[in-house]
Every structure is written in C-alpha cells, then in structure tokens.
Amino acid sequence: MLLPVIMAGGTGSRLWPMSRELYPKQFLALHGHQSMLQNTVTRLCGIDTHEPLVICNENHRFLVAEQLRQINQLSRNIILEPVGRNTAPAIALAALCAIAKKNDPLLLVLAADHVIEHQLPFYEAIQQALPLAKERKLVTFGIVPARPEIGYGYIQRGDALNGKCAFAVQRFVEKPHLDKAKAYVDSGEYYWNSGMFLFRASTYLTELNKFRPEILIACKKAIAESVTDDQEAFIRVNAEKFIACPNDSVDYAVMENTDSAVVVSLDAGWNDVGSWSALWEVSTKDAYGNAVTGDVFLHNTHQCYINTDEKMVAAIGVDNLVIVNTKDAVLVTNKTNVQNVKKVVEYLKAHNRSELRCHRKSYRPWGHTNIVINEARYNVNHVIVKPGGAFSLQMHNHRAEHWIVLSGTARVTLEDKTFMLTENQSTFIPIGSIHTLENLSKIPLELLEIQVGSSLGEDDVIRLRDFL
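Below or above, wherever it landed, is the structure these notes cover.

## Comments concerning the pattern of salt bridges
- Per the counting criterion, the structure on display carries 20 salt bridges.
- Residue Glu58 is joined to Arg61 by a salt bridge in which the shortest nitrogen-to-oxygen separation is 3.6 Å.
- Exposure remark for Glu58: the relative accessible area of 24% places this residue in the partly exposed category.
- Across the pair Asp248 and Arg212 runs a salt bridge, and its minimum N-O distance is 2.3 Å. Of the two residues, Asp248 sits in the loop between helix 8 (239-243) and helix 9 (250-255) while Arg212 sits in the loop between helix 6 (201-211) and helix 7 (213-224), which places them 36 residues apart along the sequence.

Listed below in structure tokens is the structure:
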C-alpha cells in the first residue's frame, strides 16, 4: 500500500494578491470548489493508499488541519517544518517518519498545488511506476510537453525499461530559453519535470546518504527530538536541529546524482498553476475566452482572467488581461507579463506591507475573521465562529480585548470563571488574562472583537492549548 507524501510548504507568491505568505495558493480554491490541497488528497481515492502524510510550515498548521478534517483525512499525519529547507529535507523527514510507523512503505511524493485534469492516466502512470519502485528505483513522473515552455525544467529520457512509458533518466535540464525548449519538444525525448516521485522510503534515504549525508544527519536529529501534540495531529520536529539542515531540492541532492533515476511519462492534463496565465489555461472559459469568478460585467472583452472578492468588476473593451480583486489589493496585468508579479511582492517585502503576509479575511480552525479597522494600536475585527468551534486557550502580554456578541451564544472562559454571552452582551479581556471562547450551539456565532495595545499580531498570542 502506498503512503502519499503531500508537500504543502510553498508560499505561492506568483499568485499574489490571492496567495499570501500566511495563506498560499495550496489552500485556495483556485480550480474547483475544494482547495488545491484537498484536491490533491481526494484525487488519491482511486488508489489503495494509507492516509497521506502532509508536510507544511508551522504557520500553516491550522489551515492544513482544518482542510484535512473537512475531507475526513485528519489523523496524526502533519509534519511541521519550523523553517523551509526545500524538498530534499522535507522528503527525508517524511521517509524517516514513514519507516518508524509503516515499516518502509513506498512513498508517492506529490505537491499540494498541482492540477491534474485526467485521473485515469494519472492512476495508470502510478501503476507503471510501482514495479520499478519495488526494484529500488527512484521514479519521477515526466509530463508529456504540450508546447515549448521556458518556465519548467526538463528531463531527457534514456533507454526504455518497461514498455513505452518508463525510461532511464539521461539527464535533468534547467529551465531553457525558448529556442532550446522548442528543440526539446520537437525531439520527443524530453519531458517537463513535474516534481512528483515514487520510491521506497529506505531507497531514498540510502541515496540521500550517498550524496548529501549532512541533510540526512540533520533530519535524523530533528526527528529524534520531535514532539507530537496532545491532539496527535502535529509532529513538531526539533527547530534548532532542523534549522541547521542544508537547503537543497531533491533534484539537486539526489535525482541528478543517482544511477537509479527512472522517468515514467504522464499525460494527464498536469499544470503546476505557477502563474495567473497558467490558471487561466485550466479554468472554464466563456465563448470569448474569458475565465471569470465573482461579480463581473463584461463588454467587448476577450481572453481575460478576472477574479473578484465581493466588489463588482466591470471590464469593457479589454483583451488578454488578468484582473484580480481582493479586499485590500487589486492586480491588473497583461497575461504575457504575469511573471513580473514578483516585482510587486519584492516591493511589499521591502516596505514591510501587510498585503504580503495576510488577507483582511483570514481562516482559522474555528471559523474566520475579517479586519474592519487596522491601526497601529487598535484593531476591530468581525469574527465568525462556526458551530462547535473554539479559540485556543491563550493569553496576551501586550493587548486587551473587548468582545461584543452580534448573534448567537458564546461560552467564555476568563481565568477561573466560565459564563455565557448572548446577542448584545459583551465582556472585557484584560492584558495577561488566560481566556478562551466556544460556540456550543448549532448556528454560527458572530462577534465584534476590539483589540487595543502595543502588539496586535500573532507574536502576542501565547497559546496554552489548541482545540482542533
């Protein structure tokens, strides 16, 4: 039985302003009604697998837990990285955990933010790869190229190994210029590098030890001192040991050096959704080539991607544009220029702008919150707590809070007191007080939260216990 390993640690900056540091693209519903992470997991329903092992950043733990719970896939299966160290260490952590729990399974390594339109050829490619992985090969899936593409790395195939679909890897090639990309596609010998793999856990660790033993040593130390939380959902590796781990991709660390690399061809409508133009390609379009999400009016408009949150967008007499509207930012660019979205991200980072890290609307395990007013020493938030939702048991050292119930009923715990609040009632949370709030009813709870103090961010949330 396969153990899926879902890598969900990216930041997705190329899809700003929808994708932010604290809410990157793998957690967005960009293609269908589920998030890309959820699509990646539910896509596996046609294969005999264990529950997936998900690797993500510490800051995204509640997003991952909630989205897995929504599709009934939450168990003790989320590895938290204190910092990003690229794919080679991430897969090493997964392989070490897998051997400890599942007795050296075959790992199906997938990215959480890819689109695969056609599931049957995806399943067939995995079946082609299985016997090779059992023979201690390191299998990567090469995408049959639909066109010359300068945004992807390529894999050149060598000798055939298993019918017409599996080949020894001749070499890996970096992202080429256009003329070379055309030559690669015309030759029929090259695939796009998908970043998806199938191999036995111990095989990967053996090859990693050959070429980058320092990565394996650091990951072993980080796993040896890992901690599992009370709810048995998160595996926290030792931060000090993992931060010391070198930063390297699985391609550079292992696949480009090993003699055991094999490529299996995959033609399944794959797309890594690495830009707004790529998302336009996989989206449903109208008769004029427009892909539209939200409240949009179009007139004499063609080949555009338009996505708006709440506000109406009217596009008149324009072609080939990307227009993305969120609560706090608007992006307008030509589809041929979407790679330069990174210039906006660089500007936001240089000026320490909040639009880089988070949305005004942010999702939590217990519901979501909308920022109504955001000033230096006070915030006003509209908070929705879903039925059964509960805040972490927490305290703040630098801010006080006022809660006003707009609708529903809240059970509040403040130090050693527990009491109920209903519509039009309020309470005050002093600085340093231990507190939590729960919605025990069957309807959403709405409240206005007013925060006042010298620190209003997550760095002033001291969580004593999390409620998943």
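What follows continues from the structure just given.
## Digging into the packing of aromatic side chains
- For the coordinates displayed, the defined rule picks out 12 aromatic pairs.
- With 6.1 Å between their ring centres and 35° between their planes, Phe197 and Phe199 make a pair best called tilted.
- Classification of Phe197 as buried rests on a relative accessible area of 1%.
- On the basis of an interplanar angle of 35° and a centroid distance of 5.4 Å, the ring pair of Trp276 and Tyr305 is categorised as tilted. Pair noted here: Trp276 is in helix 10 (residues 276-282) and Tyr305 is in strand 16 (residues 305-308), with a separation of 29 residues, a long-range link. As far as the burial class goes, Trp276 and Tyr305 line up, both buried.

## Considerations on the nonpolar core
- Ranked by internal contacts, the top residues of the largest apolar core, which has 75 residues, are Phe122, Phe141, Leu198 and Trp276.
- Ranked by residue count, the leading element in this core is helix 4 (residues 119-134), at 8 residues.
- Setting aside chain neighbours within four positions, we find Phe122 in contact with Arg43, Leu44, Ile47, Leu110, Ile116, Leu266 and Ala268.

## A few points about a positive patch on the surface
- Taken together, Arg14, Lys175, Lys342 and Lys343 make up a surface patch of like positive charges.
- Checked against the element boundaries, Lys175 lands in the loop between strand 8 (166-173) and helix 5 (178-187).

## Comments concerning the pairing of strand 24 (residues 399-407)
- When strand 24 meets strand 29 (residues 445-453), the two strands line up antiparallel, connected through 8 bridges. The residue of strand 29 that forms the bridge with Trp403 is Glu449.
- In the sheet, strand 24 pairs with strand 27 (residues 426-429) via 4 bridges, with the strands oriented antiparallel. If you follow Trp403 over to strand 27, its bridge partner there is Thr427.

## Quick notes on the packing of helix 3 (residues 87-102) against helix 6
- One way to put it is that helix 3 packs onto helix 6 with a least axis distance of 9 Å and a crossing angle of 135°. It follows from the interaxial angle that helix 3 and helix 6 lie oblique. Of the two possible hands of crossing, helix 3 and helix 6 adopt the one that is left-handed. Residues Thr87, Ala88, Ile91, Ala92, Ala95, Leu96 and Ile99 of helix 3 lie in contact with helix 6, whose contacting residues are Ala201, Ser202, Tyr204, Leu205 and Leu208.
- In terms of residue class, the contact of helix 3 with helix 6 is built from 10 nonpolar, 2 polar and no charged.

## Here's the deal with the sheet that holds strand 24
- With antiparallel pairing, 6 strands are arranged side by side in an open sheet as 20-21-22-29-24-27. The sheet terminates laterally at strand 20 (361-364) and strand 27, the two strands that pair on one side only. Across the sheet, the mean angle separating the axes of adjacent strands is 20° when strand polarity is ignored.

What counts as what
- Residues numbered from 1 in each chain as written.
- Predicted model: local features only at pLDDT ≥ 70, side-chain atom pairs only at ≥ 80, totals over all residues.
- Heavy atoms only, no water.
- Salt bridge = Lys/Arg side-chain N within 4 Å of Asp/Glu carboxyl O.
- Buried < 20%, exposed > 50% of the residue type's maximum accessible area, 1.4 Å probe, protein only.
- Helix = DSSP H or I, 4+ residues; strand = E, 2+ residues; numbered from the N terminus.
- Phe/Tyr/Trp six-rings, centres within 6.5 Å; stacked < 30°, edge-to-face > 60°.
- Core = buried A, V, L, I, M, F, W, Y, C linked by side-chain atoms within 4.5 Å.
- Contact = heavy atoms within 4.5 Å.
- Patch = residues over 30% accessible without salt bridge, like charges linked within 9 Å, V, L, I, M, F, W, Y side chains within 5 Å.
- Areas by Shrake-Rupley, 256 points an atom, 1.4 Å probe, with all protein chains shown as cover.
- Lys, Arg positive; Asp, Glu negative; His and termini not counted.
- Charge placed at Lys NZ, Arg CZ, Asp CG, Glu CD.
- Pairing = 2+ DSSP bridges.
- Axes fitted to C-alpha atoms, helices over the stretch in contact; angles between N-to-C directions.
- Parallel < 35°, antiparallel > 145°, perpendicular 65-115°, else oblique.
- Left-handed = near helix turned anticlockwise from the far one by under 90°.
- Nonpolar A, V, L, I, M, F, W, Y, C, P; charged D, E, K, R; others polar.

Just geometry here; none of it tells us what the structure is for.
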